[in-house]
Amino acid sequence: MRIGIDVGGTNTDVALVTGGSVLAAVKTSTQDDVTDGIMAALNELQQQHPFDPAAVKAVMIGTTHFINALVEHRRLAPTAAIRLGLPATAALPPLVDWPAPLAAALGGHGYLCHGGHEFDGRAISELDEDELKRTVEDIAARGARSIAITSVFSPVTAEFEQRAAEVVGAMLPDAAISLSHEIGRMGLLERENATIVNASLRELAVDIVDGLAAAIEGHGIAAPLYLSQNDGTLMDVDFARRYPVATFASGPTNSMRGAAYLSGLADCAVVDVGGTTSDIGIVQAGFPREATNDVSVAGVRTNFRMPDVLSLGIGGGSRVRPDGGTDGGPVVGPDSVGFRLGSEALVFGGPTMTATDVAVAAGRAEIGDPSRVAGMDRDLVGGVLAQIAAAVTDGVERMRVSAEPLPIVAVGGGSVLLPDRLDDGAALVRPDNFPVANAVGAAIAQVGGEVDRVFSIEPGRRSAVLDDAKQEAVDRAVRAGALPDTVRVVDVDEVPLAYLPGNATRIRVKAVGELFTAP
Amino acid sequence: MSFDLGVDSLGDLSRGAALLGTGGGGDPHVGRLLVTQALGDRTVRILDPDEVADDAFVVPVAQMGAPTVGMEKLPGGDEPVAVLRAIERHVGRTADAVIPVECGGINSMIPLFVAARTGLPVIDADGMGRAFPELQMKTFAAYGISGSPMALAGENGETAIIDTGTDDKRMEWLARGVTMRLGGIAHVAEFTMSGADMRRTAIKRTLTLGIRLGAALREARRDHRDPVAALAEVVADTEYRHLRALFTGKIVDIERRTEGGFAVGRARFASFGAADTSELELTFQNEHLVAEVDGRVVCTVPDLICVLDAETGEPITTEGLRYGQRATVIGIGTPPVMRTEQALAAFGPAAFRLGTEFRPVEELTAGTAGTAAPTP
């Protein structure tokens, strides 16, 4: 038995999952205190479906705490960034492209030191330990407690980052150290930014992870706790304390993976209708397709792997303007009453017509007081629902990658707005427990391992190099806690580097497997 | 017309330069940050090519090497100026202005960085009117300017001079060797020339074009307008004149390999609609070279083939092409000076051994559906 928890900005969803089925699920309001919120949700779950805490083998949590802390500049640790690369890279020092208020919120200390490698593993310059020690003295004097270390081409060789970490660790044993090769990919500024963001969240991560662990323990659950990552795989609590940045996109990822699991469809389109938006994504072999562009988070450019999501401004709280269209017809969204649905919507006695009111009037949902919308004009109801269906049909069509029929799974509390068939005739699958697909997605998460490096491929050696990379990804998944027999390679991507002889090629491999849990 | 350029314009130039990079040329984002840092609240003087003195000493400056290396090993900052000083010492003349060798990609920004550091003006023109993968693929070369002498600089303060007389191919070959030793990326100065030669051989006002294209994309997104129509309006009153929407669809297949140090390959785009089975095939060598719809060529070098994100209009590079992406492919005609016999010999289909004749994009797409006419 496993418990999956998704802590969103508005709702905390919890699902109790065993074998292939969902035993119980609850939706509660997110609370300011992380421990209290999880405790309340678990209590409600226990009431709905009494379970033996000792029978729970694992608890998986997806949380927006860390990304929200960054966006709101809250509780960020005083952070210093050390870059190893002089005399190269000096033109653009650390934090160069950060929004000034965010850089200021974490102290904004950037340092350039000698070190770094070329793409082929030659050193740009040797690490200068005396220079590094002087830098650490300055960092200590300025009160930074968390340190991000980034060396040029560390995805090719991490030697200098590791040696610098030893020097820093010996001088500042209490400092949290984040190394870029463990966090990001090729692309110095983006990887460095991700590492600095991670460093700034390290203190909060300890608090949040301890709070989550306390909530689980408080409920008598002794099972290990995991947090879900951007790519839909899990990290244990020790990893989460060190790499909080890896949780940033776990929300949409869990929702898509949960939809695939609940519907039994490993390849499908997922439409997740929430209060404000409908998020459409594509699941391939059980995992969300990833976005390819660089992603800005809180104004900081990074190269995190995020799921490719198309967001439409249609949700349960979307405002409906009966004659707002240019043709005099109704308009849905894109603005939403959001979390005020319970006071604003007509069915709750409020003054604003929302998409939820239309769904109730159409008999698709029983929410609030249906008599308040019983007299709604039938043409209006039909027009609004047709408009939503048309927008979602178009969105799914844009996300599809082939003309082959692709099943469409509808999840999220607002998915009652959707028809049973889209305009092109495609049937929507509505699995049981669709409102809590995100919590289910957390509960079923797997364990992954990844390789992303530049390899020099000699003639005739391509398949051997690829095999080595695949084996390394598999080994990493097993080290992260996957059952060896279940690990498989799910993604291989090769990009030859232009202009360089020796067939320098960037290879990315991802392997995943089932989490090993104690019997 | 000459003007002063400040950091406010760099966002538009960066986006426009990515478009003119036709899939290659390196990410202008890093270039934009470099110029922003060097410039602060000052401005760079952008000289109209017609206002440059005949006997002015004009120095093209650029970055050469692998764009992927450029994303990781950023410049120290002194290299672009060091390379200018090295060529000045070798030639025995002081530069009056710098000029981009290519207006596409990061090389639109390197001369601005040099200008910000030295106070020199930048000429509003370039030698490619887009981006190309090889150094000799320039209008400068096509119209008789010699690439040599060439200077290269690395981050340790080292410089090298390569002088191969009139043999630009050999200069390129030697320069690539030096660039490798410098870590896969180098700053270079080459094709030095007089103001009169610049006016005779350069593609004019391409920095302005980049800024205008970038602004058009930004404003189209802000106003929820069709980005392709907005670009077509800009192109219509320049020497490029023609812009055609070639295809809109999803990437269903990508094949890449390294050949002679270049990233070569093909991408196939399938139509969104299930009823429409047509496909576009894109061939690239760092930059996009040929687009074919159902086996028929619809655009070929030196005309520009650009891949835009179907939703946002943001340009997508060849290295960024990924399975499943939704994209619009457009073709932009090159100015007449890039379509002459000499120009096509330097960078037309034959220079890439493509086995297809050059025909202008406006002829290849005449009468076909999906043609975007500029809206008034």
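Residues numbered from 1 in each chain as written. Chains lettered and ligands numbered in written order. Predicted model: local features only at pLDDT ≥ 70, side-chain atom pairs only at ≥ 80, totals over all residues. Heavy atoms only, no water.

Under an unreviewed UniProt entry, the name given to chain B is DUF917 domain-containing protein, and the source organism is Murinocardiopsis flavida.

Under the annotation held in an unreviewed UniProt entry, chain A carries the name Hydantoinase/oxoprolinase-like protein and is attributed to Murinocardiopsis flavida.

(A) Looking closely at the overall build of chain A. What chain A contains, in helices and strands, is 14 helices and 23 strands. Expected size for 519 residues packed as a compact globule is a radius of gyration near 24 Å; at 25 Å, chain A falls within 12% of this value. Taking all 519 residues of chain A together, 56% fall into the buried category. Summarising the internal contacts of chain A: among those between residues at least 6 apart in sequence, 66% fall at separations of at least 24. For chain A, the centre of its 41 positive side-chain charges and the centre of its 66 negative side-chain charges are spaced 2 Å apart. (Helix = DSSP H or I, 4+ residues; strand = E, 2+ residues; numbered from the N terminus. Rg over C-alpha atoms; globule rule 2.2 N^0.38 Å. Buried < 20%, exposed > 50% of the residue type's maximum accessible area, 1.4 Å probe, protein only. Contact = heavy atoms within 4.5 Å. Lys, Arg positive; Asp, Glu negative; His and termini not counted. Charge placed at Lys NZ, Arg CZ, Asp CG, Glu CD.)

(B) Representation of the environment of Ala366(B). Tracing the backbone shows Ala366(B) in the segment after α12 (361-364). Residues Ala366(B) and Arg244(B), spaced 122 residues apart in sequence, show a C-alpha to C-alpha distance of 9.6 Å.

(C) Summary view of the side chain of Thr328(B). Looking at where Thr328(B) falls in the secondary structure, it is placed in strand β18 (residues 326-332). Setting aside its immediate chain neighbours within four residues, Thr328(B) contacts Val228(B), Phe247(B), Thr248(B), Cys306(B), Val307(B), Leu308(B) and Ala310(B).

(D) Region of interest: the interface of chain A and chain B. Taken together, the contact pairs 49 residues of chain A with 50 residues of chain B. Scanning the region where chain A abuts chain B turns up 3 salt bridges. Where chain A packs against chain B, one counts 14 residue pairs in polar contact (both at pLDDT 80 or more). Only α6 (188-200), α12 (378-399) and β22 (488-496) of chain A provide two or more residues apiece to the side of chain A that touches chain B. Partitioned by chemical class, the residues of the side of chain A that touches chain B number 25 nonpolar, 9 polar and 15 charged. (Salt bridge = Lys/Arg side-chain N within 4 Å of Asp/Glu carboxyl O. Polar contact = N/O pair within 3.5 Å; in protein donor to acceptor, adjacent residues only side chain to side chain. Nonpolar A, V, L, I, M, F, W, Y, C, P; charged D, E, K, R; others polar.)

(E) Layout of the nonpolar core. One finds Ile3(A), Ile5(A), Ile38(A), Val59(A), Trp98(A) and Phe248(A) to be the most contacted residues of the largest nonpolar core, which totals 58 residues. It is helix α7 (residues 202-218) of chain A that provides the largest number of residues to this core, a total of 7 residues. When near neighbours in sequence (up to four residues on either side) are disregarded, Ile3(A) contacts Val14(A), Ala15(A), Leu16(A), Leu42(A), Leu45(A), Phe51(A), Val56(A), Ala58(A), Val59(A), Met60(A), Ile221(A) and Ala443(A). Counting residues in each nonpolar core, the second largest holds 53 residues, with Met186(A), Val59(B), Ala95(B) and Ala116(B) among its members. (Core = buried A, V, L, I, M, F, W, Y, C linked by side-chain atoms within 4.5 Å.)

(F) Quick peek at the packing of aromatic side chains. Under the counting rule described, the total for this entry stands at 4 aromatic pairs over all chains. Between Phe239(A) and Tyr243(A), the aromatic rings sit 4.3 Å apart at their centres with planes inclined by 40°, giving tilted as the arrangement. A residue is classified by how much of its surface remains accessible, and Phe239(A), at 28% relative accessible area, is partly exposed. Of the aromatic side chains, those joined through ring pairs into one cluster are Phe132(B), Phe347(B) and Phe352(B). (Phe/Tyr/Trp six-rings, centres within 6.5 Å; stacked < 30°, edge-to-face > 60°.)

(G) Highlighting the sheet that holds strand β5 (residues 79-86) of chain A. All names here are of chain A. On the basis of which strands lie adjacent, the open sheet formed by 4 strands has the order β6-β5-β7-β8 and parallel pairing. A single partner strand is all that each edge strand has here, and the edge strands are β6 (109-114) and β8 (176-179). Direction aside, the axes of adjacent strands within the sheet are offset by 20° on average. Here strand β7 (residues 146-151) runs beside β8; their pairing, made up of 4 bridges, is parallel. What sits directly across from Ser146, in β8, is Ala176. Strands in contact with α6 are β5, β7 and β8; relative to β7, the strand with the most contacts, it is inclined by about 165°. (Pairing = 2+ DSSP bridges. Axes fitted to C-alpha atoms, helices over the stretch in contact; angles between N-to-C directions.)

(H) A look at the packing of helix α1 (residues 10-20) of chain B against helix α2 (residues 28-39) of chain B. All names here are of chain B. At their nearest, the axes of α1 and α2 sit 9 Å apart, and the two run at 155° to each other. Classified by the interaxial angle, the pair formed by α1 and α2 is roughly antiparallel. By crossing handedness, the relation of α1 to α2 is classed as right-handed. Contacts between α1 and α2 involve Leu10, Gly11, Ser14, Ala17 and Ala18 from the first element and Pro28, His29, Arg32, Val35 and Thr36 from the second. (Parallel < 35°, antiparallel > 145°, perpendicular 65-115°, else oblique. Left-handed = near helix turned anticlockwise from the far one by under 90°.)

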